[in-house]
Structures are given as structure tokens and as C-alpha cells.
Amino acid sequence: MFEEKDRHLCIICSKGTLDMAYPGLVLANAALMEGIDATLFFTFWGLDMITKSKMTHLKVSPIGNPSMGIPNAVGGLPGMTNIATTMMKREIHKLDFPDIDEFLEMIVDAGGKLYACKMSMDMMHLDGEDLFDGVKAVVGATEFMEMSEDAQILFI
Amino acid sequence: MFEEKDRHLCIICSKGTLDMAYPGLVLANAALMEGIDATLFFTFWGLDMITKSKMTHLKVSPIGNPSMGIPNAVGGLPGMTNIATTMMKREIHKLDFPDIDEFLEMIVDAGGKLYACKMSMDMMHLDGEDLFDGVKAVVGATEFMEMSEDAQILFI
Amino acid sequence: MFEEKDRHLCIICSKGTLDMAYPGLVLANAALMEGIDATLFFTFWGLDMITKSKMTHLKVSPIGNPSMGIPNAVGGLPGMTNIATTMMKREIHKLDFPDIDEFLEMIVDAGGKLYACKMSMDMMHLDGEDLFDGVKAVVGATEFMEMSEDAQILFI
């Protein structure tokens, strides 16, 4: 006999910026809509995406990214991060995409599993109470390796 | 009976900088040379790589990347982005690597498939006419999930 | 007969910052501890991680990353990169994680394989003598494609 494994997408979210938070959520959501298992593992700056005090305040950086089209000498001025962030949020809302917290809730409701990286939690002095309720557990890298067997793994 | 699937590399290109554009193209090209199917999916800033008005003007950021070896207080001065970009392009040309548009053409000629992300197109107010001719279609994230079944997926 | 392939994790390291160097090393180390083959392929800025003169001096950027919590107008001041780097290193040491060079040595001792990207070496005018002793070979992208067959590939 030969049993086929279910397809599984494991996304490691390591960034805490608005522009790099959405791709992981959009892909996880798309996977779930297609009946594919989806696991999100939040590490390093990616913990901001599931930290209650930060997850609704993610920002986009106006500097260090020439694709923003803002010269660094301008982008570095006080207030520019908020301006760039407000502009991007407006575009995201126009497309009817939910905010990060709502999006994560949708993903959890659809069966997606969220995990936080233990090492990063320790490094940033966070504990379980700081995290979004939908997070299933805090796990180490070896546990992540076990849960991502046979998965397609993305690092964002 | 047991049919072996062809190996397939799916690369999600999410960055619009010169230094993060080449890795995806080099890997896709290498895959095709080895007889491996290659699909490139352009999303977020990665759309710059296939936007006609931008694809030949990608830049590298002199700030926010300590590996550049330029102090941020210097890298942020007007004109530094162009200087850093010119220097990197010179090195790329010395190695006989083609410009982005030529490189994409080579990849398409070798059988590589290029797709643009619908959500990002909408967010950046782009339509099909803005895109490089070699792009096969504009697709959503669920379609991407379907075309990447059994693939090795990279997120750049 | 049906022979099962060993699980294999291939990590492409393309960044030379402290915060993006550790995730690849932590994952490779975790894989090896679980009996999974691990290959690290260093390309572009990631070469800094295995360049003898740079690998112990990796820095974190205080600007261009809103998750750092430092306004760009402050983060861009002279000396701020060193301050941010010192702070992050202190947190990493508190958690008993080794420095980059020691960490790579542990990975090699545990059977991990390190490769440098030929194109990037040429671009940055590096030769074999500039590299950490534990690097197995300098290889091209097509060779990387061959060694990553059947692997889970991550791009960091």
C-alpha cells in the first residue's frame, strides 16, 4: 500500500514590516482555500506580527528600499515612516484585505496553525501572554524541523 | 504504475532591488540549463522586475545594508544610491551577466514561465500593458498554489 | 523496491547582517540535530558570513527596519550601527548562542556542508584563501541545482 501525504505549506515569517507581513498571510490563506495544510512559524522580527502590542502597528520603511521611489535623503526625515505606512495601508484596505490581526484570525479559523520561535521570544524578552491568542504554542527550531517534514518550506 | 514527476522550481520574487533581483534569475536560469522546470512569480516590489518602465532601472540601496560597507550617514546623502547602483552594475557586466530585461528574455526562451501577482498589480495600479511582454499571465495566490504543487518553492 | 531518500535541507544564505545570519545557522543546526542532512550555500551578501575578515564583524542595521524601534532620523546618526549591533550581540550571548564562526564550526563538525557561490565570489573579488576553512568548495548555480535535488530549499 502507498499512502499519499497531504500537501503542507510551512511559512517562516522573519520580518516585522507591513510589506513583508502580507505575503506570508496571503500565501497561507490561499493554501488553506485550496485544502492545503498551512503552518506559520514566527521568528526574529516576524514575532511583531503576533505580538499583541505591535501586530496592529506594523510599518513599512521609506528608506533602504529603492522600490518605494522615495530618495533616502527624504525618506529619512522624521514622520516619513508614518506617511509611507498610511499610504500602503490605504492601498491594502482599498483591495479589501483585512488588517494583520483579522487576517491571522481568518487563517486560524480556516485551520492554519501559528507557532512562535522560542529562541526569538527569549531574545526579545516576550512571554506567552504577550502573544496573539491564536498562537498554538512556542516551539524550538528542532520542533519546527519535525513539524515541517514533507512540507514545502518558505522563508520570508 | 508509478509516474515520476518532473522536478520543478518555483521562485517568488518579492524584491525590486538589483541585488535581490539577480539571485532569482540566476537560479531560474541554472534550473532550466539542468532540464528543471522553472516558474517565476512576481509579487510586491518584485513587480518592478517585470514592469517595462522600471525593469532596466533597478537600484541597490547604499543604506540599511551594512554589507555594503558604506556608513548610513554617508549612504543617505543625495546621489549615493546611483553611485552604489553604477558600481554594482559594472561588476555584474564584468562577469558577462545580462541586464534584467535580457536575462528574463533568455529565461523565457529557455522555457521558463513568468507570472505577475494580481493583488500586487491592483495595489500598485498596474495593468497588463505595463508589463514585460514575456509575462504569461496575471494570476492570484490560489492559482499560484495550484501551479506550485510538487515544486521546490523559494521566496526571495 | 522503493528506496526512501534521506531528508535534506538546503539553505541559501544571501544576507550579511547579524539578524539574517542566525536564522540559517539555527535551522541548519536544528536539522543536523534531528538527523537531517544540511547544506548551506552562501551567495551575494551572505558571503560575508564565511569571509574570514568579515564573519566575526557582522552588523545589524538600525535603519530601514521599523521592527528595530529606532526612528530612521536617529538610526542614521554615526555610531548607531555599532550600538545596535552591540545590543543584539549581548542578547545573543545571553542565550548562549555561539558567534558566527564557532556556530559554523559546530555545523561542519555535525556534518553540515558549506559551499560558496562562484559568481558572487567573482563579483566581490574573493578567492578561496579569503574563506573560512570549513567551506567545502566554491560552486556555480548549476552545481547547486544538482546538489539540492529532493531537498527542501530555503532562501534567506
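Preceding this section is the structure that the text describes.
So, here's what we can say about the structure.

What counts and what doesn't
Residues numbered from 1 in each chain as written. Chains lettered and ligands numbered in written order. Predicted model: local features only at pLDDT ≥ 70, side-chain atom pairs only at ≥ 80, totals over all residues. Least-squares fit on C-alpha atoms with pLDDT ≥ 70 in both. Contact = placed C-beta atoms within 7 Å. Helix = DSSP H or I, 4+ residues; strand = E, 2+ residues; numbered from the N terminus. Buried ≥ 20, exposed ≤ 12 C-beta atoms within 10 Å, placed from the backbone. Arc of directions from axis to C-beta. Pairing = 2+ DSSP bridges.

Superposition of the two copies of the chain requires a rotation about an axis together with a shift along that axis. Take chain B, turn it by 120 degrees, move it 0.0 Å along the axis, and it overlays chain A with an RMSD of 0.0 Å. The symmetry that links the two subunits is that of a three-fold axis. Across chain B, the rotation axis passes nearest the C-alpha of Gly 64 of chain B, at a separation of 3.0 Å. Different-surface contact between copies: only 15% of interface residues of chain B are shared with the interface of chain A.

The next subject is the environment of His 57 of chain A. In this fold, His 57 of chain A is placed in the loop between strand S2 (37-42) and helix H2 (72-75). For His 57 of chain A, a count of 13 C-beta atoms within 10 Å gives the class partly exposed.

Residue and element names in this part refer to chain B. For helix H4 (residues 100-109), every residue scored as buried is listed here: Ile 100, Phe 103, Leu 104 and Ile 107. The buried side chains of H4 occupy one side of the element, clustering within an arc of 100 degrees when seen end-on. Summarising the geometry of H4, the exposed residues directed more than 90 degrees from the buried face are Glu 102 and Asp 109. Buried residues belonging to H4 abut helix H1 (18-33), strand S2 (37-42) and strand S3 (113-117). One or two steps after H4, the chain reaches Gly 111, where phi turns positive at roughly 105 degrees.

Attention now goes to the pairing of strand S5 (residues 152-155) of chain C. All names here are of chain C. The alternating pattern of S5 places Gln 152 and Leu 154 on one face and Ile 153 and Phe 155 on the opposite face, and all of these are buried. Relative to S5, strand S1 (residues 8-13) is paired through 4 bridges, and the arrangement is parallel. Paired with Cys 10 across the bridge in S5 is Ile 153.

Geometry only, nothing functional implied.
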